[in-house]
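# Overview (structure and organization)
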Amino acid sequence: MFHVTDIHSSYALLAEAVGAAQGRADIIVNTGDDANGSSSKHASNNMAVHKLIAETVTEANTGKVPYVNVPGNHDVPGMTKGDYFDCMARLDETFSPGIVWGDPEGKRSFGYYDVESDAMGTFRFILLDPFDYADGQFETRKFMTATFSQSQVDWLVTTLKDAASKGLHVITMMHYSFGDDSLDFNEERAKPDTRFYQDAFMIPDIIDAAQNGTRLTAEYPDALGLDNIKVDADFSEGRRLDYICHLFGHIHSKNNYWCQKTDGSKIYDILMLGEANIAVSGTALCKIHVTPHSPQHIAFSSLMIDTNEKAIYRVSYGAYLNYDKSNSSRTEKFPYRNGL
């Protein structure tokens, strides 16, 4: 697959990445921040950018490679759930048969959904929605936060059980990584750089229980005391989940590291796999190096997953980040199970 993220209005560069995937990829995944909005006053700009991106993907995706995307925190300000669906989610329907939306209210939402189809073979992509609140609530939330609803968590448990029972290899996707926002950024692991209204390890705990065939009974308090999540998930019967990795963007960095609690109390068998910002613009941790006289100002990767070796091969394309250890070589191999 090809992994792109954090376009930040550089839709022309997206066309280069999508074009490069033709004949080389089974799926293109985009982990969000297509636009640059940070408040409702950017709503009209967000709409315009997403329409251009939708047109760009449609034109560049000549081979109709399956394409899926999730929204980022810069995408959702001022946009209703219906707006986003009209601009972007229809791309998922066009290029990715087999999408099943988890939102009980229907498809007109930012939405959480999963992809299971003949085109995906033995893989299942589970796309999570960290902006799972009603239209108009964005302004009451801090800009970089993640919120999940009880219905989404219940749906995730059911979906993981179904994937495990079918022996599918599961990949989750979301704009954010999981974990504390107090991790120091370094070459070995990236700082998640977001706050979770519920426990930052709620979803890793669920995945961990599915991997180990155990029962998880817990309540995860909401930071505002409004949306506590109750989990009673029994994975003790049937197959254990074969989990590959969690794909994310947001911090503009190409990293791979294990999800872990900063107090050292637990390291999960969950590989966190980030990707660099696709554009030379943007703030955050974007320090792109461009080869002199090179027209390529994009950064993205192709990922090949070997389920026999339990390994991922990653090839980096275009511009890259000066401080990423992964850039010592444009081709690298790393395990997706840590042996715990």
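This report concerns the structure included in the present document.

What counts and what doesn't
Residues numbered from 1 in each chain as written. Predicted model: local features only at pLDDT ≥ 70, side-chain atom pairs only at ≥ 80, totals over all residues. Heavy atoms only, no water. Helix = DSSP H or I, 4+ residues; strand = E, 2+ residues; numbered from the N terminus. Buried < 20%, exposed > 50% of the residue type's maximum accessible area, 1.4 Å probe, protein only. Contact = heavy atoms within 4.5 Å. Areas by Shrake-Rupley, 256 points an atom, 1.4 Å probe, with all protein chains shown as cover. Polar contact = N/O pair within 3.5 Å; in protein donor to acceptor, adjacent residues only side chain to side chain. Pairing = 2+ DSSP bridges. Axes fitted to C-alpha atoms, helices over the stretch in contact; angles between N-to-C directions. Core = buried A, V, L, I, M, F, W, Y, C linked by side-chain atoms within 4.5 Å. Parallel < 35°, antiparallel > 145°, perpendicular 65-115°, else oblique. Left-handed = near helix turned anticlockwise from the far one by under 90°. Expected span 1.5 Å × (residues − 1).

When you go through the protein chain residue by residue, the secondary structure sums to five helices and 19 strands. Sorting the 340 residues of the protein chain into buried and exposed places 57% on the buried side. The contacts of the protein chain with a sequence gap of at least 6 include a subset with a gap of at least 24, amounting to 68%. Accessible surface, the protein chain: about 13600 Å² in total, of which carbon and sulfur atoms supply 49%.

With that settled, the discussion passes to the environment of Q198. In this fold, Q198 is placed in the loop between β9 (195-196) and α5 (202-212). A relative accessible area of 4% places Q198 in the buried class. Considered as a pair, Q198 and A223 are 25 residues apart in the sequence and their alpha carbons are 6.2 Å apart. Within the local environment of Q198, its side chain forms a polar contact with the backbone oxygen of F148, the two atoms lying 3.0 Å apart.

In this section: the side chain of T159. When you line up the elements, T159 lands in helix α4 (residues 150-165). Within the structure, the side chain of T159 is placed 2.8 Å from the backbone oxygen of W155, a separation counted as a polar contact. In this structure T159 touches D114, R124 and I126, once residues within four positions along its chain are discounted.

Relative to the assigned elements, H74 resides in the loop between β3 (67-69) and α3 (81-95). Assessed through its relative accessible area of 17%, H74 is described here as buried. Within the structure, the side chain of H74 is placed 3.5 Å from the backbone oxygen of N36, a separation counted as a polar contact. Once you skip the residues sitting within four places of it in the chain, H74 turns out to touch H8, D33, A35, N36, G37, N46 and F143.

Backbone geometry at K64 places phi at a positive 55 degrees, although glycine is not the residue there. Of note, H250 is a non-glycine position whose phi angle comes to about 75 degrees, a positive value. Relative to the assigned elements, H250 resides in the loop between β12 (242-248) and β13 (256-260). Residue classification places H250 among the buried residues on the basis of a relative accessible area of 6%.

This part is about the sheet that holds β3. Note on sheets: strands pair through backbone hydrogen bonds, and any given pair is parallel or antiparallel. Across the sheet, which stays open at both edges, the six strands sit in the order β3-β2-β1-β16-β17-β19 with mixed pairing between neighbours. Whereas interior strands pair on both sides, the edge strands pair on one side only; in this sheet they are β3 and β19 (331-335). When the angles between neighbouring strand axes are averaged without regard to direction, this sheet yields 25 degrees. Strand contacts of helix α1 (residues 11-21): β1 (2-4), β2 (28-30) and β16 (299-306), with the helix running at about 170 degrees to β1, the strand carrying the most contacts.

This part is about the nonpolar core. F148, L160, F178, I206 and L241 are the most contacted members of the largest nonpolar core, which has 74 residues in total. For this core, the element with the most residues is α4, which contributes seven residues.

With that settled, the discussion passes to the packing of α4 against α5. Two elements in contact, α4 and α5, have axes separated by 10 Å at closest approach and are oriented at 20 degrees. As far as their axial angle goes, α5 and α4 are roughly parallel. The crossing of α4 and α5 is right-handed. Judged by residue contacts, V153, L156, V157 and L160 of α4 engage M202, I203, I206 and I207 from α5.

Bringing the sheet that holds strand β14 (residues 267-274) into the picture now. Spatially, seven strands are ordered β4-β5-β6-β8-β12-β14-β13 in an open sheet, and the strand pairing comes out mixed. In this open sheet, the two strands that pair with only one neighbour each are β4 (99-101) and β13. Each strand axis lies, on average, 25 degrees off the axis of its neighbour in the sheet, ignoring direction. Pairing analysis gives five bridges linking strand β8 (residues 169-173) to β12, with the strands arranged parallel. Bridging from a neighbouring strand, M173 pairs with L247 of β12. Docked against the sheet, α5 engages β8, β12, β13 and β14, running at close to 120 degrees with respect to β14.

Turning next to α4. In this model α4 runs 23 Å from its N-terminal to its C-terminal C-alpha over 16 residues, within 8% of the 22 Å that 1.5 Å per residue would give. Along α4, the residues that are buried comprise Q152, V153, W155, L156, V157, T159, L160, A163 and A164. As for α4, its buried residues are in contact with β5 (113-115), β6 (123-127), β8, α5 and β11 (229-234). Where α4 ends, the next residue or the one after it, G167, has phi of about 70 degrees, a positive value.

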